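The primary structure of each chain is shown beneath.
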Amino acid sequence: MAGIIDLRSDTVTRPTLEMRAAMAAAEVGDDVYGEDPTVNLLEKRAAERFGREAALFVPTGTMGNQIAIRLHTQPGQEVIAESRAHILDWEMATTAVFSGCLVRAVAAERGILTWKHIEPAIYARGAFRAATGLIEIENTANLAGGSCTPVAVLEEIWAGAKERKLPTHLDGARIFNAATALGVDVKALTHGFDTVMFCLSKGLGAPVGSMLTGSAELIDRARLFRKALGGGMRQVGVLAAAGLIALEKGPGRLNEDHANARMLAGALSRMDGVAIDPKSVETNIVIFRLTGKKNAAELVARLKARNILMSAFAPDAIRMVTHLDVDRSACVAAAEALAEEIAAA
């Protein structure tokens, strides 16, 4: 992979030398028995970071989200989420398969649900349609370009959900990016949710893993659902060791990724044949559209031939995600290549 500039996702990062050393030296035990000291320490640190009673280490963010949905709902209920939510489009319909629930998709500008969006979509138990069982928020909103839901909006959602006696779950895969962009501690940004999932393997840089946080009672039940989904990972301290470093050191460098994303957005805004609002880029995700008859898949293929990787997720749309394995010089090189290939199209 030497010489490749990979902007497809922040999941592509490789463990640092410090992480590899910690993984090799990790003290391990059988985590299904609760006997892996490194996992236990990671769960303790994660719970403390979010002001929660407990946390659970899971292999993926998808598993963390789906465990939370199962915890909060009953079969035949609806889960309210934004129309581009990860749980709707990218989790293999597991909400239906595992929890027996339907996602009620609600469209919102920039992917940011407010109580005004949510309240009309809530239905009580009745004879004619499924009742609402859970409200799910994604922060940052991935396919809305990494936009951030601020605390004031969340406070209104938490208050409304409490009044309607509905639980709330946060897909916080990139919640540390949101906290960095908003200048708010993650504890303050998440305190009103019943459960919070966050990824270690995205911007924080770990090779594998996510965390689910909540009350001790909820996390105790979550262990059963993790096992049901095949997430009993035994001597998994070798992975948790990297997660500890990611949790400790990853958040402090996210501003670099955000600055690189803004630089890319600014460069794109000056190119003919591109539609993007640089002000919309808040975190580490850049989504732009090609105007005219330019084709996103063809442009991505030409860039790949130059060892620059991006993702086409619509006929005219491309996503780039900055991360710790692409520094400023790599992003500048990607911007220059984009300009050349778009001009030549």
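The rules behind each value
- Residues numbered from 1 in each chain as written.
- Predicted model: local features only at pLDDT ≥ 70, side-chain atom pairs only at ≥ 80, totals over all residues.
- Heavy atoms only, no water.
- Helix = DSSP H or I, 4+ residues; strand = E, 2+ residues; numbered from the N terminus.
- Buried < 20%, exposed > 50% of the residue type's maximum accessible area, 1.4 Å probe, protein only.
- Contact = heavy atoms within 4.5 Å.
- Pairing = 2+ DSSP bridges.
- Salt bridge = Lys/Arg side-chain N within 4 Å of Asp/Glu carboxyl O.
- Core = buried A, V, L, I, M, F, W, Y, C linked by side-chain atoms within 4.5 Å.
- Axes fitted to C-alpha atoms, helices over the stretch in contact; angles between N-to-C directions.
- Phe/Tyr/Trp six-rings, centres within 6.5 Å; stacked < 30°, edge-to-face > 60°.
- Lys NZ or Arg CZ within 6 Å of the ring centre and 35° of its normal.
- Polar contact = N/O pair within 3.5 Å; in protein donor to acceptor, adjacent residues only side chain to side chain.

Before going further, it helps to examine the overall build of the chain. Per the secondary structure count, the chain includes 14 helices and 13 strands. If one aligns the C-alpha atoms of the chain with their principal axes, the spans along those axes are about 60 × 55 × 35 Å. When each of the 345 residues of the chain is scored for burial, the buried share is 54%. Restricting the contact set of the chain to residue pairs at least 6 apart, pairs at least 24 apart contribute 74%.

Another aspect to go through is the pairing of strand β5 (residues 132–138). Counting buried residues along β5, seven of its seven residues qualify, which places the element largely inside the surrounding structure. Sheet topology places strand β3 (residues 78–82) next to β5; three bridges connect them, and they run parallel. Pairing of Val79 across the sheet is with Leu134, part of β5. Pairing geometry for β5 and strand β6 (residues 168–172), over four bridges, is parallel. The residue of β6 that forms the bridge with Ile137 is Leu170.

Scanning the entire structure with this criterion turns up 19 salt bridges. In this structure, Arg234 and Asp30 form a salt bridge, with 3.2 Å as the shortest nitrogen-oxygen distance. In this pair, Arg234 sits in the loop between α10 (216–228) and α11 (237–249) while Asp30 sits in the loop between α1 (17–25) and α2 (37–49), placing the two residues 204 residues apart along the sequence. Note on Asp30: relative accessible area 14%, which makes it buried. Several salt bridges converge on common partners, so that one network encompasses Arg302, Arg306, Glu340 and Glu341.

Okay, the nonpolar core next. A general feature of soluble globular proteins is that nonpolar side chains tend to end up buried together. By size, the foremost hydrophobic cluster in this structure holds 48 residues, and its most contacted members are Ile118, Ile135, Ile137, Phe176, Phe198 and Leu200. Every residue in contact with Ile135, bar those within four places of it in the chain, is listed here: Ile80, Trp115, Ile118, Ile122, Ile157, Ala161, Leu166, Pro167, Thr168 and His169. Formed by 30 residues, the second largest nonpolar core is a distinct cluster that contains Val274, Met320, Ala330 and Ile342.

Spatially, β9-β10-β13-β12 is the arrangement adopted by the four strands of the open sheet, whose pairing is antiparallel. Both outer strands of the open sheet, β9 (274–275) and β12 (311–314), are each paired with one neighbouring strand and no more. Here β9 runs beside strand β10 (residues 285–290); their pairing, made up of two bridges, is antiparallel. Opposite Val274, over in β10, you have Leu290 as the bridge partner. Helix α13 (residues 296–304) contacts β10, β12 and β13 (317–321) of the sheet and is inclined by roughly 175 degrees relative to β12.

In this section: the packing of aromatic side chains. Ring pairs (aromatic) are described by centroid distance and by the angle formed between their planes. Applying the stated criterion across every chain, the model contains five aromatic pairs. When the ring of Phe50 is compared with that of Phe176, the centres are 5.7 Å apart and the planes differ by 85 degrees; the resulting orientation is edge-to-face. Within this pair, whereas Phe50 is found in the loop between α2 and β2 (54–58), its partner Phe176 is found in helix α8 (residues 175–182), the two being separated by 126 residues in sequence. The residues Phe50 and Phe176 share a single accessibility class, namely buried. Taking 4.7 Å as the distance between ring centres and 20 degrees as the angle between the ring planes, the aromatic pair formed by Phe50 and Phe198 counts as stacked. Here Phe50 is found in the loop between α2 and β2, whereas its partner Phe198 is found in strand β7 (residues 195–199), with 148 residues between them in sequence. Take Phe50 and Phe198: they sit in the same class, and that class is buried. Taken together, the ring pairs connect Phe50, Phe176 and Phe198 into an aromatic cluster. Against the face of Phe98 rests Arg70, its NZ or CZ located 4.6 Å from the ring centre. Directly above the ring of Tyr123 sits Arg129, whose terminal nitrogen or CZ lies 3.4 Å from the centroid.

The residue His117 is located in helix α6 (residues 115–118) in this model. Exposure remark for His117: the relative accessible area of 28% places this residue in the partly exposed category. Each C-alpha atom, one on His117 and one on Leu17, is 45 Å from the other, the two residues being 100 residues apart in sequence. Setting aside its immediate chain neighbours within four residues, His117 contacts Val106, Ala107, Ala108 and Ile112. For His117, the side chain forms a polar contact with the side chain of Thr114, separated by 2.9 Å.

Turning to the side chain of Thr322, a few remarks are in order. Within the secondary structure layout, Thr322 lies in the loop between β13 and α14 (328–344). Looking at Thr322, its side chain comes within polar contact range of the main-chain oxygen of Asp257, at 2.7 Å. In this structure, Thr322 is in contact with Leu7, Asp10, Asp257, His258, Asn260, Ala261, Leu264, Asn284 and Cys331, ignoring residues within four places of it in sequence.

For Phe128, the position within the fold is in the loop between α6 and β5. Residue Phe128 is classed as exposed on the basis of its relative accessible area, which comes to 82%. Sequence spacing of Phe128 and Thr11 is 117 residues, and the spatial spacing of their C-alpha atoms is 42 Å.

Moving on, we get to the sheet that holds β6. Taking strand neighbours across the sheet as the criterion, the seven strands line up as β2-β8-β7-β6-β5-β3-β4 in an open arrangement whose pairing is mixed. In this open sheet, the two edge strands, each paired with only one partner strand, are β2 and β4 (102–106). Averaged over neighbouring strand pairs, the angle between their axes works out to 20 degrees when direction is ignored. Taken strand by strand, α2 contacts β2, β7 and β8 (210–214), and its axis lies near 125 degrees from that of β2.

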